[in-house]
Amino acid sequence: MIKLYALTIHEAHQLLKEKKISALELTGAVLARLSKVESKIGACVAITEDLALKQAAKADKYIKGGEIQPLTGIPVLIKDNICTKDLRTTCSSKMLEDFIPPYDASVVSKLKAAKAVIVGKTNMDEFAMGSSTENSAFFPTRNPWNLDCVPGGSSGGSAAAIAADEAIYALGSDTGGSIRQPAGFCNVVGLKPTYGRVSRFGLVAFASSLDQIGPITKDVTDCAIVMNTITGHDPLDSTCLPYSVPDYTNSLIPHLKNLRIGVPKEYFVEGMQEEVRVALKSAINKLQELGAKIDEVSLPHTKYALAVYYILAPSEASANLARYDGAKYGFSYQDTDNMWEAMEKTKQFGFGAEVKRRIMLGTYALSAGYYDAYYLKAQKVRTLIRQEFDRVFEKYNALVTPTSPTVPFKLGEKVEDPWQMYLSDVCTIPVNITGIPAISVPAGFANGLPIGMQIMSPPLNEEILFRIAFTYEQATNWHKMKPPI
Ligand code: GLN
């Protein structure tokens, strides 16, 4: 008896196409799995059983009529900062606890057009600010590999859910590592596409020059399949690139001959866990065995990326979050007839500590007298970092690094120390600063906890990521390991 909930997208699609299973059966199996394990993990802020069953029945009708697309009838979870029409979208914040969007994000419209089945919305760090999902205003999510550990963040709900087979795939968002870091922590695949490759329309804005939506999946093939559906130009997002979309599954080529891969030495940072270093070393040896030419390279400005990020992201956040004033939508403090007090109290009670910290940091960095020293300087360093990557990519097809410097840490271990938490994104943040794409794939374990390998490529070259990630995956078994839940 096969466990339907444990299938990948491509496996489920095959069975649906051959009519060996129905979308209703598949959805039923996923919902049963959800109700069995969700109380231990806490990956979801909403489970949309009725909607899912309705969409599954509809998908079955389409399949019967011979109309099946790669995502038709397949259950998906959506991070709760991606707007879903008539379905609460909270950003795991008290501020939006009762917010019901009047429209769908463009990625959700695309999934609906593909007849996907939405089984719920996933927990996250409030407004996507964090690396552990402990900043959710509702409850923390736990790592299915060890319930005492965090799943990473901010898309921790999406990654934990996919690792625990609570859906077949999920969507996340990534501003500084929020797809890749939790994917690495949970032994699943996560891709941050090139900035502008996927529409951000309907993604609740955190830092608009860095935010990107992407897939979290059980393997690389699934990741390519989801990208085929969610990618592409969108007139509703002016930063969305007007380029045609390749069929990413054509890049699932299992060899690396003639590829040059750089290993930037600055990403093997001080304070990095020894087990992560060892796992990455053997992953890199594997890539070499598979035909890639590997060289050490240097990206010396990397050391400024974290500082640049923590000026730019809070600055953009302080502007984006100014809209939560209690007047338009979301939480509104009413117990006063003084407008200023209402606004102040709305923010005081609506936002959690980390969000307030970011707003204050950003407001400071943008204020008169400090703007040149912080914001403008950070923008200039951002350009230097980008130029350095461009130079390295003249010689190399891709770069390989760890996704995170450590394996998943314990709940409570870093949440009181923002600086320690910020450090967990040192390897992922440069990718958002430069706008390039990167993927995290399972690459080993230490003490039963997953280790991720990050692969970066030049902008708009997701194909090379898929090829390297796929080749590596075919030659290893890490992605097949399941947590003991
Ligand atoms: N952890 C980083 C932060 O707290 C990145 C978050 C993200 O990518 N959304 O800002």
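Residues numbered from 1 in each chain as written. Predicted model: local features only at pLDDT ≥ 70, side-chain atom pairs only at ≥ 80, totals over all residues. Heavy atoms only, no water.

Caption draft 1: Summary view of the environment of L71. Position of L71 among the secondary structure elements: in the loop between α3 (49-64) and β2 (75-79). The spacing of L71 and Y309 is 238 residues in sequence and 35 Å in space, taken between C-alpha atoms. Each residue touching L71, except ones within four places of it in the same chain, is listed here: I9, L111, A114, K115, A116, Y169, I225, V226 and T229. (Helix = DSSP H or I, 4+ residues; strand = E, 2+ residues; numbered from the N terminus. Contact = heavy atoms within 4.5 Å.)

Caption draft 2: Highlighting the site of the ligand. The local shell around the ligand holds 15 residues, among which G176, S178, Y309, R358 and D425 are the closest. A distance of 3.5 Å separates a nitrogen atom of the ligand from a polar atom in the side chain of S154. In this structure, G177 approaches the ligand through a main-chain N or O atom, which is 3.3 Å from an oxygen atom. Considered on its own, the ligand offers 290 Å² of accessible surface; in the complex 100% of this is hidden by protein. Looking at the shell around the ligand residue by residue, the class counts come to five nonpolar, seven polar and three charged. (Near = heavy atom within 4 Å. Polar contact = N/O pair within 3.5 Å; in protein donor to acceptor, adjacent residues only side chain to side chain. Areas by Shrake-Rupley, 256 points an atom, 1.4 Å probe, with all protein chains shown as cover. Nonpolar A, V, L, I, M, F, W, Y, C, P; charged D, E, K, R; others polar.)

Caption draft 3: Expanded view of the pairing of strand β3 (residues 117-122). For β3, the tally of buried residues reaches six of six residues, placing the bulk of the element in the interior. In terms of strand pairing, strand β1 (residues 44-47) meets β3 through three bridges, oriented antiparallel. When the bridges of β3 are listed, C44 appears paired with T122. The sheet contact formed by β2 and β3 spans five bridges and is parallel. Bridge pairing in β3 links K79 to T122. Read from β2 through helix α4 (residues 106-113) to β3, the crossover connection turns out right-handed. (Buried < 20%, exposed > 50% of the residue type's maximum accessible area, 1.4 Å probe, protein only. Pairing = 2+ DSSP bridges. Right-handed = clockwise from strand over helix to strand, strands pointing away.)

Caption draft 4: Spotlight on helix α8 (residues 274-289). Look at α8: 23 Å from first C-alpha to last across 16 residues, which is about the 22 Å you get at 1.5 Å a residue. Listed as buried for α8 are V276, A279, L280, A283, I284 and L287. Down the axis of α8, the sector holding all buried residues measures 135°, keeping them to one side. Every exposed residue of α8 that faces more than 90 degrees away from the buried side is listed here: V278, K281 and E289. Residue G291 follows α8 closely and has a positive phi angle near 115°. (Expected span 1.5 Å × (residues − 1). Arc of directions from axis to C-beta.)

Caption draft 5: How the structure looks around the pattern of salt bridges. All told, the structure shown has 17 salt bridges when counted by the stated rule. Across the pair D295 and K293 runs a salt bridge whose closest N-O atoms are separated by 3.5 Å. With a closest N to O distance of 3.5 Å, R386 and D390 form a salt bridge. Taken together, the residues span about one helical turn, with R386 and D390 both in helix α12 (residues 372-395) at a distance of four residues. On the basis of relative accessibility, which here comes to 33%, the residue R386 falls in the partly exposed class. (Salt bridge = Lys/Arg side-chain N within 4 Å of Asp/Glu carboxyl O.)

Caption draft 6: Main features of the pairing of strand β10 (residues 438-446). With eight of nine residues buried, β10 is to be regarded as a mostly interior element. Summarising the sheet, strand β5 (residues 189-192) and β10 pair through three bridges and their orientation is antiparallel. Paired with L191 across the bridge in β10 is I439. Bridge count between β10 and strand β11 (residues 449-456): seven bridges; the pairing is antiparallel. Bridge pairing in β11 links P442 to G452. Two successive antiparallel strands, β10 and β11, enclose a turn made up of two residues, where N447 displays a positive phi of approximately 50°.

Caption draft 7: Structural view of the packing of aromatic side chains. The tally for this structure, following the rule as stated, stands at 18 aromatic pairs. Taking 3.9 Å as the distance between ring centres and 15° as the angle between the ring planes, the aromatic pair formed by Y310 and Y422 counts as stacked. Of this pair, Y310 sits in helix α9 (residues 305-320) while Y422 sits in helix α13 (residues 418-423), and the two are 112 residues apart along the sequence. The exposure class assigned to Y310 is buried, which follows from its relative accessible area of 11%. The class of Y422 is buried, set by a relative accessible area of 7%. With 6.2 Å between their ring centres and 40° between their planes, F389 and F393 make a pair best called tilted. With F389 and F393 both in helix α12, this residue pair falls four residues apart, about one helical turn. Neither F389 nor F393 differs from the other in exposure class; each is buried. Ring-pair connections join several aromatic residues into one group, and the members of that group are F99, F127, Y324, Y329 and F351. (Phe/Tyr/Trp six-rings, centres within 6.5 Å; stacked < 30°, edge-to-face > 60°.)

Caption draft 8: Broad picture of the nonpolar core. Formed by 149 residues in total, the largest nonpolar core has its most connected members in F127, Y169, I439, M453, I455 and F466. Looking at this core, the element that brings in the most residues is α9, giving nine residues. In contact with I439, other than residues within four places in its own chain, are V189, G190, L191, C223, M453, Q454, I455, L465, F466 and A469. (Core = buried A, V, L, I, M, F, W, Y, C linked by side-chain atoms within 4.5 Å.)

Caption draft 9: Summary view of the side chain of K192. You can see K192 is positioned in strand β5. The side chain of K192 sits in the buried core without any salt bridge; D174 is the nearest counter-charge, 6.3 Å away. In this structure the side chain of K192 is engaged in a polar contact, spanning 2.9 Å, whose partner is the backbone oxygen of I436. Every residue in contact with K192, bar those within four places of it in the chain, is listed here: D174, R180, Q212, V431, N432, G435, I436, P437 and A438. (Lys, Arg positive; Asp, Glu negative; His and termini not counted.)

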